[in-house]
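One letter stands for each residue in the lines below.
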Amino acid sequence: MHQARTTCPYCGVGCGVVAELEGERIVGVSGDSEHPANYGRLCVKGSALHETLGHRGRLTRPRVDGAEVDWETALDAVAERLAATRREHGDGAVAAYLSGQLLTEDYYAANKLFKGFLGTPHLDTNSRLCMASAVAAYKRSLGADAVPCSYEDLEEAELVVLVGSNLAWNHPVLYQRLKVAKTRNPLMRVVVIDPRVTDSCEIADLYLGLKPGSDARLFTGLLAWMADKGKLDRVYLAQHTQGFDEVLAAAREDDASVEAIAADCDLDPERLETFYYWFASQLHVVTLYSQGVNQSSSGTDKCNAIINCHLAGGKLGLPGAGPFSITGQPNAMGGREVGGLANQLAAHMDYHTPGALDRVTRFWTTGSLTPTLPEGPGHKAVELFEAIERGEVRALWIMATNPAVSLPRADRVRAALEKCPLVIVSECMADTDLLAYADIVLPASSWSEKNGTVTNSERRISRQRGLLPPPGEAKHDWWIITQVAHRLGYGEAFDYSHPCEIFDEHARLSGFENLPGTPGERLFDISALAGLDRAAYDALAPIQWPVTTAAPQGTARLFEDGRFATPDGLARLIPVRPRAPEQALCEARPLRLNTGRIRDQWHTMTRTARAPRLMNHRAEPFIEITPEDALALGVGDQQLARLRGAGGDYLGRVRLTKGQRRGEVFVPMHWSDRFSGNARMGSLLEAHLDPVSGQPESKHGAVALEPLAVAWEATLLVADDLAVTPGWCTEAAYWARIPLAHGQRWQLAGAPESAGRDWLAWVTRELPVAPALWLDDPTGGRLRAAGIEDGRLRWWLMVGPPAELPGLAWLDERFAEAARGEALAPERRRRLLAGCDDGAADSGPVVCSCHQVGQKAIVAAIRGGDISVEALGARLACGTQCGSCIPELKSLIEEHRTACAAEEKAPCEP
């Protein structure tokens, strides 16, 4: 066994990972104690990385028009069809849609091919959906797409403001760093600004549960308040900025009184003014913001409203200070560095950057090959699929993303893909929604196989190392791109044999004609990393850009000298006039829809669902709503319900929560048609875009909610190796598939017309193994049955509400025994319909995914006297690894201590 260092492929924190290898297997992972992003910490997703690996479910051979082919045939088909499209319809008929999951080297090769040599500007990325507004705001104000802060600034701040960021769930390791820093510095304050009470509120000194979409009003009000109270840094404004008077005038166009702002934001005026006073009175303030701010039709303005306040108070370029946009994806920033957005060229040069077109053309000219760069920006993500729908774009190459699920008006996106004459998909998984629309499928390498670099939220470049060979015939994305380039006649410009050569070119371009004080000066510069040989590239330690001869060890914090990346060195304050969400509420859709990630899942679950324990915290698609709204709408906790949006429906299980505002609901973004029917969040949203960034408004949908009428609910467990065709998906009113360690769980519900079903006849028809045991209660609408073959459990069925389920770990272990060829022991066969051994308790819904500790076990321990997180950890181990479940543990402690007190048991006694 040996160890190797690499980087986590999930969120933008960019945690270092130490992988334990046995031969060609990764058998365990841990946090890298030497990596400055995480110092040894990992969240539950990162801790389960090794559980997501393996060849099962991977794409291993290319396909052309549905038939498996060899690589030569596939690459020839890609090149010939792209060339034919360009000949017949022009360069602009070709496009690419990329992903923040790609490595920088993959991104660089793709951008160079499409913009440089295919001559199309239509190359965009799914980063448009999460970071585009933050990028546009930084560029408008600071002159560059440059996050000014480092993670250390969170630890050095006197005040940390979380806006539209559930840091505890979406960036858990960074949240743990902040939590530790707050413990060490009792004077640090944390403010959470979010419509929902999330787990991030655990460490909040002040919570502002504002009305969705009112962020800009809150921060323009803060600016006016600072001016009125004499809390501006007039010297900083005069020496390092311009535009303040216009910005203040815009902020005062609306009533700038605290009472008026509080009314518009639906906040308590006293709490609002407390925040204003804290922000204005402290110099070392970090405002950390994410998708709750970005994913808006006015997201760029909201980001600029935040930046304006930092500039007005001189709270930037200092330790513990600055506006900090926290990135969603592991390499969203690396993709932007190379030009992965449709409005970019390369190396932080845009089409309008003086001399950029000529500069990039000269740099990419190789021998007799001269690039043919487009003259202006291309279609941004949503606009790109609208162009496909219109027939303007006729060939699309999609890499490492799933737009059939993630974009707004997802059904319209699917129709566009169906219509597109040529869809090429580079993908590592064999079962994604997108593959149904692909004419050519190219099997790509994945995490632990890929070899290259990523850049995290604090501008830190880290190595993601290839530790295992790709399965079957899967190839690296950069290799696929270069092979197509060779077949198109551009081989001389794509003569790469290793990703270090691409990185070297990327580094050289960043420094090309990039001299201080010249028209070509750019903040992004890693030219000091040019010239690394393979050994030095492989050994590259994490480093923050800029990395230049003047700063060979990197740069932790930007703008410390007060000079910005604008032509005159002055930061721009941008006038902001708050606007309401474009998706307006109405009688037909009266509820405000919020969307987002959940703790244990990532994107559309193609990776995380391969680790069954990550499915246990939230096993099904859900709808969070207040108890009061649920009562008014006639739905109860754990009941199935339907959301109706402008673009489609969503089915999920109701979760009652006091953390939701009245008149609002929350749904997760992760479920696709591979895991549930009608649970795609994107189908509920209209495609309203920010006019500057092109980012869609994903946080402010408008929906109606109603109960889902069902006659029955059932749970079917099926062994992994039992060949089934799940026809129940088409006949059920609702279904969800939940991977287990050794089988699949199907959660089903039937429409009223299916009442009175003969379940024994149904299982005999649907499953290849006949029922061997059953217990039927037709009067109560209950049944339990099991299929046994050669003494081994093959399937298990319970007809009844999920609340009646036993803990499923015992049944899943029976599937494991079956996979090993072991027959059921007589005593276990007798307990099969009960679903557990005598005395085996159901631990309830999983709270701690690291140690698989359920809610019922935790509540029992609390009632037994374990009334602290530490006591629960000592007894059950929950909360002792990644720490993500600690806020939920505290909520359970508070809830059940209160219940004990009501029962006159104080302290809680068994």
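Above this text sits the structure in question.
Residues numbered from 1 in each chain as written. Predicted model: local features only at pLDDT ≥ 70, side-chain atom pairs only at ≥ 80, totals over all residues. Heavy atoms only, no water.

### Overview of the overall build of the chain
Of regular secondary structure, the chain possesses 30 helices and 36 strands. Computed over C-alpha atoms, the radius of gyration of the chain comes to 28 Å, within 12% of the 29 Å expected from 2.2 N^0.38 for 910 residues, which places it in the range of a compact globule. Dimensions of the chain along its principal axes, counting C-alpha atoms only, are 80 × 70 × 55 Å. Evaluated residue by residue, the chain yields a buried proportion of 63% over its 910 residues. In the chain, the proportion of contacts linking residues at least 24 apart, taken out of those at least 6 apart, comes to 72%. Accessible surface for the chain amounts to roughly 31,500 Å². Of this, 49% is attributable to carbon and sulfur atoms. Distance between charge centroids for the chain: 1 Å, based on 94 positive and 116 negative side chains. (Helix = DSSP H or I, 4+ residues; strand = E, 2+ residues; numbered from the N terminus. Rg over C-alpha atoms; globule rule 2.2 N^0.38 Å. Buried < 20%, exposed > 50% of the residue type's maximum accessible area, 1.4 Å probe, protein only. Contact = heavy atoms within 4.5 Å. Areas by Shrake-Rupley, 256 points an atom, 1.4 Å probe, with all protein chains shown as cover. Lys, Arg positive; Asp, Glu negative; His and termini not counted. Charge placed at Lys NZ, Arg CZ, Asp CG, Glu CD.)

### Structural notes on the packing of helix 11 (residues 258-265) against helix 12 (residues 269-281)
Look at helix 11 against helix 12: their axes get within 9 Å of each other, and the N-to-C directions meet at 110°. In this view, helix 11 runs roughly perpendicular relative to helix 12, as classed from their interaxial angle. Contacts from V258, I261 and A262 in helix 11 reach P269, L272, E273 and Y276 in helix 12. (Axes fitted to C-alpha atoms, helices over the stretch in contact; angles between N-to-C directions. Parallel < 35°, antiparallel > 145°, perpendicular 65-115°, else oblique.)

### Quick notes on the sheet that holds strand 2 (residues 16-22)
Across the sheet, which stays open at both edges, the three strands sit in the order 1-2-3 with antiparallel pairing between neighbours. Sheet topology places strand 1 (2-7) and strand 3 (25-31) at the edges, where each strand pairs with a single neighbour. Sheet twist, expressed as the mean angle between neighbouring strand axes with direction ignored, is 30°. Sheet topology places strand 1 next to strand 2; six bridges connect them, and they run antiparallel. By the bridge assignment, R5 is partnered in strand 2 with V18. (Pairing = 2+ DSSP bridges.)

### Section: the nonpolar core
I193, L218, F219, F275 and L643 are the most contacted members of the largest nonpolar core, which has 147 residues in total. Ranked by residue count, the leading element in this core is helix 8 (residues 215-228), at nine residues. Discounting chain neighbours no more than four positions away, the residues touching F219 are V163, I193, F275, A305, I306 and C309. Core analysis: the second largest hydrophobic core is formed by 53 residues, V64, F363, I480 and L488 among them. (Core = buried A, V, L, I, M, F, W, Y, C linked by side-chain atoms within 4.5 Å.)

### Some details on the sheet that holds strand 21 (residues 543-544)
Reading across the sheet, the three strands line up as 19-20-21 and stay open at both edges, with antiparallel pairing between neighbours. In this open sheet, the two edge strands, each paired with only one partner strand, are strand 19 (452-455) and strand 21. The pairing of strand 19 with strand 20 (residues 460-464) spans four bridges and is antiparallel. Looking at strand 20, one finds that G452 is bridged to Q464.

### Examining the packing of helix 8 against helix 10 (residues 244-251)
Running from amino to carboxyl end, helix 8 crosses helix 10 at an angle of 110°, the nearest separation of the two axes being 9 Å. For the element pair helix 8 / helix 10, the angle class is roughly perpendicular. Between helix 8 and helix 10 lies a crossing whose hand is left-handed. Across from T220, L223, A224 and A227 in helix 8, the residues of helix 10 making contact are F244, V247, L248 and A251. Taken together, the residues that form the contact of helix 8 with helix 10 break down as seven nonpolar, one polar and no charged. (Left-handed = near helix turned anticlockwise from the far one by under 90°. Nonpolar A, V, L, I, M, F, W, Y, C, P; charged D, E, K, R; others polar.)

### Comments concerning the pairing of strand 29 (residues 712-719)
With eight of eight residues buried, strand 29 is to be regarded as a mostly interior element. Burial along strand 29 is two-sided: the residues W712, A714, L716 and V718 and E713, T715, L717 and A719 are all buried. Of the pairings in the sheet, the one linking strand 29 to strand 34 (residues 792-799) comprises five bridges and is antiparallel in character. Bridging across to strand 34, T715 finds its partner in M798.

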